[in-house]
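Summary of the model geometry
Each chain is listed here by its residues.
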Protein chains: 4
Amino acid sequence: MADSIGGALRLTLFGESHGAAVGAVLEGIAPGTPIDEEEIAAAMEKRRAKGAISTARKEPDVVKFLSGVYEGHATGTAITMVIENTNTKSGDYKKTGALLRPGHADYTAKVRYGGFADERGGGHFSGRLTAPLVAAGAICASMLRKKGVFIATRLASCAGVPDAGSWDFSREGIAACVQEVAEKAFPVIDYASGMAMEQAILAAAGQGDSVGGILETVVCGLPAGLGDPFFGSVESTLAALMFSVPAVKGIEFGAGFAFARKKGSEANDPWQMENGVMTAKTNHNGGINGGITNGMPLVMRTVVKPTPSIYREQDTVDWATGENAKLIIQGRHDPCIAHRAAAVQNAMTAFALADLAARRFGETWQEASIWNTV
Amino acid sequence: MADSIGGALRLTLFGESHGAAVGAVLEGIAPGTPIDEEEIAAAMEKRRAKGAISTARKEPDVVKFLSGVYEGHATGTAITMVIENTNTKSGDYKKTGALLRPGHADYTAKVRYGGFADERGGGHFSGRLTAPLVAAGAICASMLRKKGVFIATRLASCAGVPDAGSWDFSREGIAACVQEVAEKAFPVIDYASGMAMEQAILAAAGQGDSVGGILETVVCGLPAGLGDPFFGSVESTLAALMFSVPAVKGIEFGAGFAFARKKGSEANDPWQMENGVMTAKTNHNGGINGGITNGMPLVMRTVVKPTPSIYREQDTVDWATGENAKLIIQGRHDPCIAHRAAAVQNAMTAFALADLAARRFGETWQEASIWNTV
Amino acid sequence: MADSIGGALRLTLFGESHGAAVGAVLEGIAPGTPIDEEEIAAAMEKRRAKGAISTARKEPDVVKFLSGVYEGHATGTAITMVIENTNTKSGDYKKTGALLRPGHADYTAKVRYGGFADERGGGHFSGRLTAPLVAAGAICASMLRKKGVFIATRLASCAGVPDAGSWDFSREGIAACVQEVAEKAFPVIDYASGMAMEQAILAAAGQGDSVGGILETVVCGLPAGLGDPFFGSVESTLAALMFSVPAVKGIEFGAGFAFARKKGSEANDPWQMENGVMTAKTNHNGGINGGITNGMPLVMRTVVKPTPSIYREQDTVDWATGENAKLIIQGRHDPCIAHRAAAVQNAMTAFALADLAARRFGETWQEASIWNTV
Amino acid sequence: MADSIGGALRLTLFGESHGAAVGAVLEGIAPGTPIDEEEIAAAMEKRRAKGAISTARKEPDVVKFLSGVYEGHATGTAITMVIENTNTKSGDYKKTGALLRPGHADYTAKVRYGGFADERGGGHFSGRLTAPLVAAGAICASMLRKKGVFIATRLASCAGVPDAGSWDFSREGIAACVQEVAEKAFPVIDYASGMAMEQAILAAAGQGDSVGGILETVVCGLPAGLGDPFFGSVESTLAALMFSVPAVKGIEFGAGFAFARKKGSEANDPWQMENGVMTAKTNHNGGINGGITNGMPLVMRTVVKPTPSIYREQDTVDWATGENAKLIIQGRHDPCIAHRAAAVQNAMTAFALADLAARRFGETWQEASIWNTV
């Protein structure tokens, strides 16, 4: 089903950019799970458009719970979260209505929905739909954090500028490092690199252009044994969710595409027993073997393409007339969404991992003995 | 559910490498669909171990239908395909039984299944499980071919050697090109490149080592309008299946990770109307916008890591004693599986696309008017 | 997943009786499907509490669309319907808070949800949750009606009083008969029987007691060939939905439990060809053979138990103290819900049939040739 | 999906009566679960045709495991069970090939599968398909038995003859009573009643006719708290499975259809605390409130219609010519299947309950604390 995903947890996404609201239904959260609205608000804040490098459309993004939460806890039935659309200016979009924006879903939406989609502001394809994803993921992230599982995503590169910093993957340092990155307003490890990225984004924006980037997610504290071979693999589960995020066009785990240039002797991660703890000497497999977590940090990278909304004249077709045409996009658009997408990637990762745990251990997965093994 | 996947079609995979059989159940195939056992056999042949660059374990891989096929047609109920395991030598595996092979799923399998898995020959994690995937995919590929949809996968690079050839993406040439690549015994476009790859594989094998590669799949003839935004995206659907194939550690669509270095003005694909046909001037998005096919060729690349079974001494841990140990792997293993994986990737692509069509148009998707639009 | 149901269509139900709202998400409705808010309102009206025989809690039950509907048509993505809770008086419920009401879900809710459910007004177990079911079903019923499929439910008996009327099952008369019953404010065929039922309900209410009844649903215009043997049977699909309606404790198709006293020679429905039309001489199988519709009217009966909220003193246990106790229920309650449940049964039937059609023919099931065969 | 069912467990059924084999794939069984082939064989034996009251087609029904079982335990991946078809005589069926048997699925199969079904011996509609259901259910029943949950089904009536015996529902006696009934070769409580039923079956058979019956299932030892309100209700889950069994046309829980003649004051089950144990004074609700088990015995009844294969001349239509015709059925058929269906009902009940437990507590549901509460 196109609007829902998940195995034991289930997430249903709804809404259009300029409709009454966007929202999500989250099923499978155990009764009694604390729902911390401040944590959710903090995650929402990370996704929000801010400053010069983002769209001028800024929404308060207040998450309203219609069901499933009572006195600060999950009731055990469907949690419905709604974010009302308040700051909608459809006028700008109407101007370019019939001109199909290259790189966007305008053409495919028309074909897929036969002209019945609510196309205002991108409709159901809008990045605005990622707001409820962040809210749902924040609930899952909170559950995982209580079991010692921390998730962070950094911009490994943006606009061609790499993050010069690197993760502290030492057993002693990783948890603190991941939490520190998770707290950052602009998600990079090296501050100066972040400044350079912002400069590059602004430079592109100044030319009416846009840029993309690579997001790198690290999860620490995961026990070995989550996921399954083949269809229930950790990679399959995560990838299906990451490719649900608009603009993501690639994903890799561990060494990823660099495996193509490695020999087996360079790619394998030798096991070792250190003070009674099973670890791997290297982590080229990104914490996953045979589709199952192996207790090492999970490492995943995605690529976020440049925002297709640019202010330069583009060739396209006028849907109404079927004629070739020139398009100049109006309206408020992000010159880059990769940094905002970090919050979405964290959220989808948290949902995926909570779902993987719940598929095996049920809605009370937090009580499973697996968590004592890390 | 870990052993099944799909929306309107459903595929369930079962078996262990040294058990009675491996097999699959394929649900959702419309009654009356021709089941051409020769086509299936041809696809199986492409996946088979052959020559010096593959494992010495060679199985006839005869697909036996237990149900769902009658007088050469699908009956409309579950199709069960079984491939018996005949050539099993467990002795070699037993020698290294308790020593966890790096890069393999030995450790994660023990954690996940608590020691109850049938570990002989890799058990359920064995690449042998991909044989029934190929059989199931061949049925789907045959259905798609009748609608003018052709799928081929080439080794874009192997052991660091690139395929010097390139696809003919012209509107006139693509169908023939895709079909030609699909027929090849060794899946490259440029013959000399293929020879160089085989040399490189043999060279690595001679050193007791292994290599990986990058597989590039192209699908032509797909109409616009398949897939959905977010969770039902073409990318999500394909990625979940590709990451079900052992050793795949990355996937990208269109420009993929190269998007990170592009500006929006370089990344967007301008639309044009040519003789009444809607096309894009470029195809950086790999035939997909907003999760939905746009009528351009679908382009997807995956990375297949080097086979973890190498013949060099490796550090590891002895599961039985919990002590550090040295491992030297015995047995019959492929120095490279990337070329054999091309057949699996074709199969999973065919299943994914048939499933996407069936989700929208039902089991009689072949009759939908969408196919007249290409 | 407990809060969702369906195969190709999918329905997710959320809300609590005294929370912000109750609602549903309906997925899988084809883009362009007309959404007639008046039809939905008319179905909602049939379910509403009215007159002396119903609860004094009367809500306007205005369905608000948060997503998936634009300019009177389905967009093709998730349709979210919300009904706000406006007339909530929790005080009455609190008085009996810890005393477990016999026949209700008070005890099982406490066990299931560990005390975290929002128990006010029955919470998620409230009959109020059936309001969004009716709204979702009305959309499906409207789609079916356009294909000549009509659904009606009558009270076959209530409070022990049978409906003396009977359906006109003749080929010429059935469509009109079904539509006529569907229009009735009190769902019986014989007016005088309905008056007698209302009297019996009032008599029970006067004694602080409650009554139940038997609902009989007839569907005409269904083509042969919907449903599947075994798990996808029409009976399995309908039964799963009917038992989702609170207070339903039994279901039967065609002759149902009366089959136990029949011989095969009395139970079989002989086929005949009448003017080129295939029909059965009798309809003991209720329009279904082998789990698949056979073109005869679908006939289904359910039993609705007496409302457990009665005003007589009852024995029970005080959850807070674990002591035996006496309970006298306060608040506003229906002495009978069977007549109101007819609208819910119609809705669930419509959803089930639309889902069965969509499982086979996809979201564009209305275009399948099967509909021309009736 | 028509051929699969289940939430956390999943059961896929395949095969045709006269094809190579019938079988099932069972997913979600935790690794290490003992698979006792003798227990499975004992359950299969209960379903087998025996003596004068059953069909003359008698198969050994040996269950062969193709996957998922190793050294007597579940491996944790898909369990594939196959029963080969050995004793097939298609000749008898061919004689009546084009004549649609009344009460059977001949007509609906032709419409549904467009003539492509393997119709020999009833094909996929054959009662033979229930053999793998019994095998799969036996695995689940064994798991439940270890947690103190016992399941038995009796013929409450057959051929109009009621079982004069009754269950011992006392807290002390129920477990022994249920196990005793489960052991019986002919599933009745009162031996003389069983003899009378067999006489009535033989009498009907002597007239070339057939009979049906009512099956009553009792489950004891179930803890309170399994199931969910609405779509995941215990009743919905059980009913979907029971209506998957051919010939079942009705189901009721607790008082069932008799609720229609009860007042609320007669229907409610008052709670009481007895020596620290929560029980209900009556069990009209059959162990389920609000879709959730309440700790009382689960009581469920189904009706099994008379076997449609009778030896009397019947009116029907010749599918080949479209003409009215007379049919006299040949071949080997049961004059009654209700007694054999008891084993199938036990199996489907066991699967449903194990699935309900696994949906909430995951694949390791047997370790959940809920089982200590009974």
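Cut-offs applied
- Each chain has its residues counted from 1, running along the sequence as written.
- Whichever chain is written first becomes A and whichever ligand is written first becomes 1, with later ones labelled in order.
- A pLDDT threshold of at least 70 governs which residues receive local features in this predicted model, and a stricter bar of 80 or more applies before side-chain atom pairs are shown or counted, although totals over entire chains, interfaces and linings include all residues.
- Side-chain figures throughout are based on the complete set of non-hydrogen atoms in the structure, without hydrogens or water.
- UniProt positions are given in the numbering used here, feature names are shortened, and annotations may be inferred rather than shown by experiment.
- Only DSSP runs of H or I with at least four residues qualify as helices, and only runs of E with at least two residues qualify as strands; both kinds are numbered from the N terminus onward.
- Contacts: residue pairs with any heavy atoms within 4.5 Å of one another.
- Two N or O atoms form a polar contact when they lie within 3.5 Å of each other; inside protein one atom must be a possible hydrogen donor and the other a possible acceptor, and for residues adjacent in sequence the pair counts only when both atoms belong to side chains.
- Alignment of the copies relies on least squares applied to C-alpha atoms, considering only residues that score at least 70 for pLDDT in both.
- Fitted lines through C-alpha atoms give the axes, limited to the stretch in contact for helices. The angle between two N-to-C directions lies from 0 to 180 degrees.
- Orientation labels follow simple angle bins: below 35 degrees gives roughly parallel, above 145 gives roughly antiparallel, 65 to 115 gives roughly perpendicular, and whatever is left gives oblique.
- Stacked, tilted and edge-to-face are the three classes assigned to paired rings of Phe, Tyr and Trp, where Trp is represented by its six-membered ring and a pair needs centres within 6.5 Å; plane angles under 30 degrees give stacked, over 60 edge-to-face, the rest tilted.
- Per-residue accessibility, obtained with a 1.4 Å probe over protein chains only, is compared with the maximum for each type, and a residue is labelled buried under 20%, exposed over 50%, and partly exposed between these values.
- When two parts are put together, the accessible area they lose, computed with a 1.4 Å probe and summed over both, is reported as buried area.
- Within this document, salt bridges are pairs made up of a side-chain nitrogen of Lys or Arg and a carboxyl oxygen of Asp or Glu, the two lying within 4 Å of each other.
- Three classes are used: nonpolar for Ala, Val, Leu, Ile, Met, Phe, Trp, Tyr, Cys and Pro, charged for Asp, Glu, Lys and Arg, and polar for all others, with Gly counted as polar.
- Pairing between two strands requires that DSSP report at least two bridges joining them.

1. Looking at the UniProt feature "binding site: FMN" (unreviewed entry) in chain A
Look at the UniProt record and you will see "binding site: FMN" (unreviewed entry) annotated at His124, Phe125, Ser126, Gly290, Lys305, Pro306, Thr307, Pro308, Ser309 and Arg332 of chain A. The named residues occupy 209 residues along the chain; their greatest pairwise C-alpha distance, 44.5 Å, places them well apart from one another. Checked against the element boundaries, His124 of chain A lands in the loop between helix 3 (106-113) and helix 4 (130-146). Not counting the four nearest positions on each side in its chain, His124 of chain A is found in contact with Asp3, Leu13, Phe14, Gly15, Glu16, Asp118 and Leu129 of chain A, Pro229 and Phe230 of chain B together with Thr77 of chain C. Within the structure, the side chain of His124 of chain A is placed 2.9 Å from the backbone oxygen of Gly15 of chain A, a separation counted as a polar contact. You can see Pro306 of chain A is positioned in the loop between strand 16 (298-304) and strand 17 (314-318).

2. Looking at the relation of the copies chain B and chain C
Placing chain B over chain C gives an RMSD of 0.0 Å and needs a rotation angle of 180 degrees, together with 0.0 Å of translation along the axis. Look at the turn and shift together and you get a two-fold axis relating the two. For chain B, the residue whose C-alpha comes nearest the rotation axis is Gly362 of chain B, separated from it by 1.8 Å. Both copies present the same face, since 100% of the interface residues in chain B are matched by interface residues at the equivalent positions in chain C.

3. Considerations on the packing of helix 1 (residues 37-47) of chain B against helix 9 (residues 338-361) of chain B
In a packed pair of helices, the relevant descriptors are the angle between the two axes and the axis-to-axis distance. Residue and element names in this part refer to chain B. Interaxial distance between helix 1 and helix 9 falls to 7 Å at its minimum, and their mutual angle equals 150 degrees. When the axis of helix 1 is compared with that of helix 9, the two are roughly antiparallel. Within the contact between the two elements, helix 1 uses Ala43, Lys46 and Arg47 and helix 9 uses Arg340, Ala343 and Val344.

4. Description of the packing of aromatic side chains
As enumerated under the stated definition, the model contains 22 aromatic pairs over all chains in all. Ring centres of Tyr113 of chain A and Phe125 of chain A lie 6.2 Å apart, and the angle between their planes is 65 degrees; on these two criteria the pair is classed as edge-to-face. Of the two residues, Tyr113 of chain A sits in helix 3 while Phe125 of chain A sits in the loop between helix 3 and helix 4, which places them 12 residues apart along the sequence. There is no split in this pair, since Tyr113 of chain A and Phe125 of chain A are both buried. Note on Tyr107 of chain B and Trp319 of chain B: the rings are 5.9 Å apart at their centroids and 65 degrees apart in plane angle, and the pair reads as edge-to-face. Of the two residues, Tyr107 of chain B sits in helix 3 (residues 106-113) while Trp319 of chain B sits in the loop between strand 17 (314-318) and strand 18 (323-327), which places them 212 residues apart along the sequence.

5. Focus: the interface of chain B and chain C
On the chain C side, the residues contacting the six residues of chain B number six residues. Both sides together, the interface formed by chain B and chain C hides about 560 Å², and carbon and sulfur atoms give 48% of it. By the criterion of area lost to chain C, the three top residues of chain B are Arg360, Phe361 and Glu363 of chain B, representing 56% of everything that side buries. Here chain B and chain C share two salt bridges between them. Our count for the chain B to chain C interface comes out at two residue pairs in polar contact (both at pLDDT 80 or more). Here the side of chain B that touches chain C is composed, by residue class, of one nonpolar, two polar and three charged.

6. Considering the sheet that holds strand 1 (residues 4-5) of chain C
All names here are of chain C. Read from one edge of the open sheet, five strands run 1-2-3-7-4, paired in antiparallel fashion. The outermost strands of the open sheet, each flanked by one partner alone, are strand 1 and strand 4 (64-67). Looking at chain direction, strand 1 and strand 2 (residues 10-15) are connected through two bridges and run antiparallel. Directly across from Ile5, in strand 2, lies its bridge partner Leu11.

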